[in-house]
Amino acid sequence: MIEFRNVNKHYGKHQALTDINEKITRGEVVVICGPSGSGKSTLIRTINRLEEIDSGQILVEGRDIHGPGIDLDRFRSGIGFVFQQFNLFPHLTVLDNCTLGPIHVRHLAAGEARGRALEVLERVGLANKARAFPGQLSGGEQQRVAIARALVMQPPLMLFDEPTSALDPEMVGEVLLVIRGLAHHGMTLVCVTHEMAFAREVADRILFMDRGAILERGSAREFFDHPQHARAQKFLADIHWRAARCF
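Residues numbered from 1 in each chain as written. Predicted model: local features only at pLDDT ≥ 70, side-chain atom pairs only at ≥ 80, totals over all residues. Heavy atoms only, no water.

1. A short note on the sheet that holds strand E2 (residues 14-24)
- An order of E2-E1-E4-E5 is seen for the four strands of this open sheet, with the pairing classed as antiparallel. Each edge of the open sheet is held by one strand with a lone partner, namely E2 and strand E5 (63-64).
- Where strand E4 (residues 55-60) meets E5, two bridges bridge the pair, whose relative direction is antiparallel. Following the sheet pairing, Val 60 is matched in E5 by Arg 63. (Pairing = 2+ DSSP bridges. Helix = DSSP H or I, 4+ residues; strand = E, 2+ residues; numbered from the N terminus.)

Below is the structure:
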């Protein structure tokens, strides 16, 4: 479904992505992890062209999405993206936030859009909040609305960029529960996260990045139980040490 071919990205003299070559198949759940500044968020943001690349190719369903002639708005409408921040319209109700895309991008009738939105809000456990405004919701509820807003467009691919990093610890679980449900229903997911227990549970594969390169790739069990690269070993050891200190 997604293929990276020799992808490179610079910010001035800093090389954020270095010779990325990777394939993600339809229905696969891929978690991208690594230390801060490793290029994780840059990589995921290139998939829907929130970040441009300097060289190489990224193919989504066989099409070079950084090539000429692509209808960017139409392309992005087929990819769900959930950010660290919720990015909801504060002056619109939850329901109206979720129907904007279907009405104005998919050109659905208002009634059909509302029906679809209510179904998805029920799926994320927020149908009873349809008439509320974002400011009346907790952070976890707002992020679940953001997920619902993406799902209502019925995308074949969902991207998550640190979806729990802006949440208080007690709200993280409710958002991960929703993402876990999507993973178990066979949706193609690419998720940047620092929640390693979650990654171990839901990921088909882990991509470990450092300094703009993918240093290790493998199943969740392979990565967590038998990391091969020295940098991955240190990353996991640091996580275990921090977790032990909490107790």
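2. Examining the nonpolar core
- Leu 121, Ile 147, Met 158, Phe 160, Leu 189 and Ile 206 are the most contacted members of the largest nonpolar core, which totals 53 residues.
- Of the residues forming this core, the biggest block, eight residues, is contributed by helix H6 (residues 169-184).
- Apart from residues no more than four positions distant in its own chain, Leu 189 is found in contact with Glu 28, Val 29, Val 30, Met 158, Phe 160, Ile 179, Leu 182 and Ala 183.
- Judged by nonpolar contacts, the second largest core, of 27 residues, contains Val 30, Ile 70, Leu 157 and Met 209. (Core = buried A, V, L, I, M, F, W, Y, C linked by side-chain atoms within 4.5 Å. Buried < 20%, exposed > 50% of the residue type's maximum accessible area, 1.4 Å probe, protein only. Contact = heavy atoms within 4.5 Å.)

3. Structural notes on the packing of aromatic side chains
- A full pass over the atoms with the stated rule returns four aromatic pairs.
- Aromatic side chains Phe 208 and Phe 235 sit 5.2 Å apart centroid to centroid with 55° between the ring planes, which places their arrangement in the tilted category. You can see Phe 208 sitting in strand E9 (residues 205-210) and its partner Phe 235 sitting in helix H9 (residues 230-246), a full 27 residues away along the chain.
- Residue classification places Phe 235 among the buried positions, given a relative accessible area of 12%.
- Each ring, one from Phe 223 and one from Phe 224, has its centre 5.2 Å from the other, and the planes form 80°; the classification is edge-to-face.
- Using a relative accessible area of 1% as the deciding quantity, one classes Phe 223 as buried.
- Classification of Phe 224 as buried rests on a relative accessible area of 11%.
- By way of ring pairs, the aromatic residues Phe 208, Phe 223, Phe 224 and Phe 235 are connected into one cluster. (Phe/Tyr/Trp six-rings, centres within 6.5 Å; stacked < 30°, edge-to-face > 60°.)

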